[in-house]
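# Survey of secondary and tertiary structure
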Amino acid sequence: MKRFVIFFLTVFFSFSIFAQDLTITKINFDGLKKTRDSYIQSKVSKFIGLPLTDENMHDLETAVQLEGLFDDIHISTEQIGDTDAEINISVKEKITFIPLPFAMASSSGYMAGAVVMDTNAFGRKDNFMIGGFFSNSSMTGMASFSKPAKPNGVPGFSVFVSGGKSHPELVDIEEETILKYKSLGFSASFSIFEKLGENFTISNGYSYRYLSTESVEEYPSFPEEKLHIGSVSLGLGYSRSDWNGVFMSTNSASISAEAGLTNSEDDEYRHPLGASFAIGEQHPVFTPRLRIYQKISGYYGKKNHISAYMSQSAASVNILPGSFVTERIIGGNAGLEIAVAKFSWAMLSIYGDYQLVYTKKNTLLEDDDEYEFMHGPNGGVRFYLSKIAFPALSMGLAYNVTKNYWQFAAAMGVSF
């Protein structure tokens, strides 16, 4: 009996020591070549001092995946004291410095060009890009640089400049040409943004745009102007993500407003205004390879120059013509995406959704408040390359049930 009691107490106390909670006291990264250890440590420092649980380990993996800098990520744990544990993370970095040609085609035309970009400049996820493109209606050069906000309260910022010439051919929702004109322009913008807690971001932007317009023979009444347009914007965004081993699912919401000042000779267009919103959700269903997604967004503008009108993307749809622009639009989509094949270098997915849109019909008449509701299905395929941080190939087809026409789009490389 005495020997049984001794055995029972030994097993009990051994189990108690094993079962006690361990605390994360150190996180090590192996495999970093370009990314600075100090940068990635700043992104995971919030896990130091937390208990070593399955939930916290999952959140840690999501945080590392969310940076978009690494391909293979392997995480292991090691007990280094009675109550302490360290986490060892082995990574392979993605290619971030890329001279990249790109091309895309759609029902409304084509676009091609090249950029040189680095999505991890200086090893701190600073982002720079310089390049240019041409299409069936424009030729543009551009450059940008952005720096992410730091978790210690230091804000991030972005700078963007572009210039070029174009001869837009705009259409209505019936795909009939309603306007052609020529333009020469230059724009520059600066934005500053700050993180509020883990999931919220507030931004403040300033921009300047010079625009010289010229009428064409078919539309001689289009005003020829040399416009200087300045604007200020304020935005608030929310984003929360979760990694399930296949997809990065993100719930997000944003709202922004912009006010401008121009030197237009028409007093009606001296003070352009605009406001936009977007709400999106993605999450897996039944299996990690299948996810549901939905998004609703819209834009409301007033007294803007037609060159600042929004395309269908402002309403998260692609069942409208690519050359259709408007000052007021709202829409959304809901559908499923499934990963049908996963390789070491890429993943192939198929997606399908249904889209709804409500938009102002006559984009040229400010006082015309006639709107139209349209709907239709959309679907296609996407390639996600594991060695780089963005989809490299996509093809999609959409059908506008209301207007009885198809819209096709394909892109390779980077799309804008």
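Located above this text is the structure these notes cover.
The paragraphs below set out a description of the structure included in this document. (Residues numbered from 1 in each chain as written. Predicted model: local features only at pLDDT ≥ 70, side-chain atom pairs only at ≥ 80, totals over all residues. Heavy atoms only, no water.)

## Concerning the overall build of the protein chain
Note the cut-off: Numbering goes from the N terminus for both helices and strands, where a helix is a DSSP run of H or I of at least four residues and a strand is a run of E of at least two. Accessibility here uses a 1.4 Å probe with only protein chains present; expressed as a share of the type maximum, an area under 20% marks a residue as buried, one over 50% as exposed, and anything in between as partly exposed. Contact between two residues is taken to exist if any of their heavy atoms lie within 4.5 Å; hydrogens are not considered. Neither His nor the chain termini are counted; the positive set is Lys and Arg, and the negative set is Asp and Glu. A single reference atom marks each charge: NZ on Lys, CZ on Arg, CG on Asp, CD on Glu.
When its secondary structure is counted, the protein chain shows three helices and 20 strands. Principal-axis analysis of the C-alpha atoms places the extent of the protein chain at approximately 105 × 45 × 35 Å. Put simply, the protein chain has 416 residues, and 37% of those count as buried. Long-range contacts, defined as pairs at least 24 residues apart, comprise 54% of the intrachain contacts of the protein chain with a sequence gap of at least 6. Positive and negative charge centroids in the protein chain, built from 34 and 45 side chains respectively, lie 7 Å apart.

## Quick look at the nonpolar core
Selection rule: In this description, a nonpolar core means a group of buried Ala, Val, Leu, Ile, Met, Phe, Trp, Tyr and Cys residues linked to one another through side-chain atoms lying within 4.5 Å.
Within the largest apolar cluster, 17 residues are counted, with the highest numbers of intra-cluster contacts made by Ile27, Phe29, Leu60, Val64 and Ile89. Elements supplying a minimum of two residues to this core: β1 (23-30), α2 (37-44), α3 (54-66), β2 (70-79) and β3 (84-93). In terms of residues, this core owes the most to one element, α3, which gives four residues. Contact partners of leucine 60, with chain neighbours within four places excluded, come to Ile27, Val44, Phe47, Ile87 and Ile89. Listed in part, the 14 residues of the second largest apolar core include Ile173, Phe324, Val357 and Tyr405.

## Thoughts on the pairing of strand β6 (residues 126-135)
As a reminder, the rule being used: Whether two strands pair depends on DSSP finding at least two bridges between them.
Pairing of strand β5 (residues 109-121) with β6 involves nine bridges; the strand directions are antiparallel. Bridge assignment links alanine 121 to a residue of β6, and that residue is aspartate 126. Between β5 and β6, which follow one another and run antiparallel, lie four residues, and phenylalanine 122 among them has a positive phi close to 60 degrees. By the bridge criterion, eight bridges tie β6 to strand β7 (residues 138-147) in an arrangement that is antiparallel. In the sheet register, methionine 129 faces β7, and the bridge partner there is serine 144. Linking two consecutive strands that pair antiparallel, namely β6 and β7, is a turn of two residues.

## As for the pairing of β3
In terms of strand pairing, β1 meets β3 through seven bridges, oriented parallel. If you follow aspartate 30 over to β3, its bridge partner there is serine 90.

## Looking at the sheet that holds β3
Where we set the bar: Geometry is summarised by axes, namely lines fitted to C-alpha atoms with helices restricted to the contacting stretch, and by angles between N-to-C directions that run from 0 to 180 degrees.
What the three strands build is an open sheet, ordered β1-β3-β2; its pairing is mixed. Each edge of the sheet is formed by a strand with only one pairing partner; in this case those strands are β1 and β2. Averaged over all pairs of adjacent strands, the angle between their axes in this sheet comes to 20 degrees, without regard to strand direction. For β2 and β3, the ladder comprises eight bridges, and the chain directions are antiparallel. Counted as the bridge partner of glutamate 78 is glutamate 86 from β3. This element, α2, spans β1 and β2 of the sheet and lies at about 145 degrees to β1. Sheet contacts for α3: β1, β2 and β3; angle to β2, the most-contacted strand, approximately 150 degrees.

## Concerning α3
Convention followed: The span you would expect from a helix comes to 1.5 Å times its residue count less one.
Between its terminal C-alpha atoms α3 stretches 18 Å, which fits the 18 Å expected from 13 residues at 1.5 Å a residue. Within the span of α3, buried status applies to Asn56, Met57, Leu60, Thr62, Ala63, Val64 and Gln65. Looking at the buried positions of α3, the neighbouring elements they touch are β1, α2, β2, β3, β12 (226-243) and β13 (248-262). Glycine 68 occupies a position one or two residues after α3 and carries a positive phi of about 70 degrees.

## Points about the pattern of salt bridges
To be explicit about the condition: By definition, a salt bridge exists where a carboxyl oxygen of Asp or Glu is found within 4 Å of a side-chain nitrogen of Lys or Arg.
In total, this model carries 12 salt bridges according to the counting rule given. The salt bridge partner of arginine 291 is glutamate 337, with a shortest N-O separation of 2.9 Å. With arginine 291 in strand β15 (residues 287-302) and glutamate 337 in strand β16 (residues 328-342), this residue pair connects regions lying 46 residues apart in the sequence.

## Focus on the packing of aromatic side chains
Selection criterion: Put simply, two rings from Phe, Tyr or Trp (the six-membered ring, in Trp's case) pair if the centres are within 6.5 Å, and we call them stacked under 30 degrees between planes, edge-to-face over 60, tilted for the rest. Lysine and arginine charges are scored as sitting over a ring when NZ or CZ, respectively, is within 6 Å of the ring centre and within 35 degrees of the ring normal.
Applying the stated criterion across every chain yields a total of eight aromatic pairs. With a centroid separation of 6.5 Å and 80 degrees between ring planes, the pair formed by phenylalanine 247 and tyrosine 384 is classed as edge-to-face. Of this pair, phenylalanine 247 sits in the loop between β12 and β13 while tyrosine 384 sits in strand β18 (residues 371-385), placing them 137 residues apart in sequence. Assessed through its relative accessible area of 3%, phenylalanine 247 is described here as buried. A centroid spacing of 4.7 Å and a plane angle of 40 degrees characterise the contact between tyrosine 399 and tryptophan 406, whose relative ring orientation is tilted. Here the aromatic residues Phe145, Phe157 and Phe190 are joined through ring pairs into a cluster of three or more. Here the basic side chain of arginine 382 rests over the ring of tyrosine 351, its NZ or CZ set 4.0 Å away from the ring centre.

## Here's the deal with unusual backbone geometry
Even without being a glycine, glutamate 175 presents a positive backbone phi close to 70 degrees. Structurally, glutamate 175 can be placed in the loop between β9 (169-171) and β10 (177-196). Taking the relative accessible area as the measure of exposure, glutamate 175 reaches 37% and is therefore partly exposed. Phi at asparagine 404 is positive, roughly 60 degrees, even though this residue is not glycine. Tracing the backbone shows asparagine 404 in the loop between β19 (391-400) and β20 (405-412). For asparagine 404, a relative accessible area of 56% gives the class exposed.

## Some details on the environment of serine 311
Note the threshold: Two N or O atoms count as a polar contact when they lie within 3.5 Å, although within protein this holds only if one can serve as hydrogen donor and the other as acceptor, and sequence-adjacent residues are included solely when both atoms are side-chain atoms.
By the secondary structure assignment, serine 311 is in the loop between β15 and β16. Those residues within four positions of serine 311 in sequence are excluded, and the remaining contacts are Phe324 and Val325. Only 3.1 Å separates the side chain of serine 311 from the side chain of serine 313, close enough to count as a polar contact.

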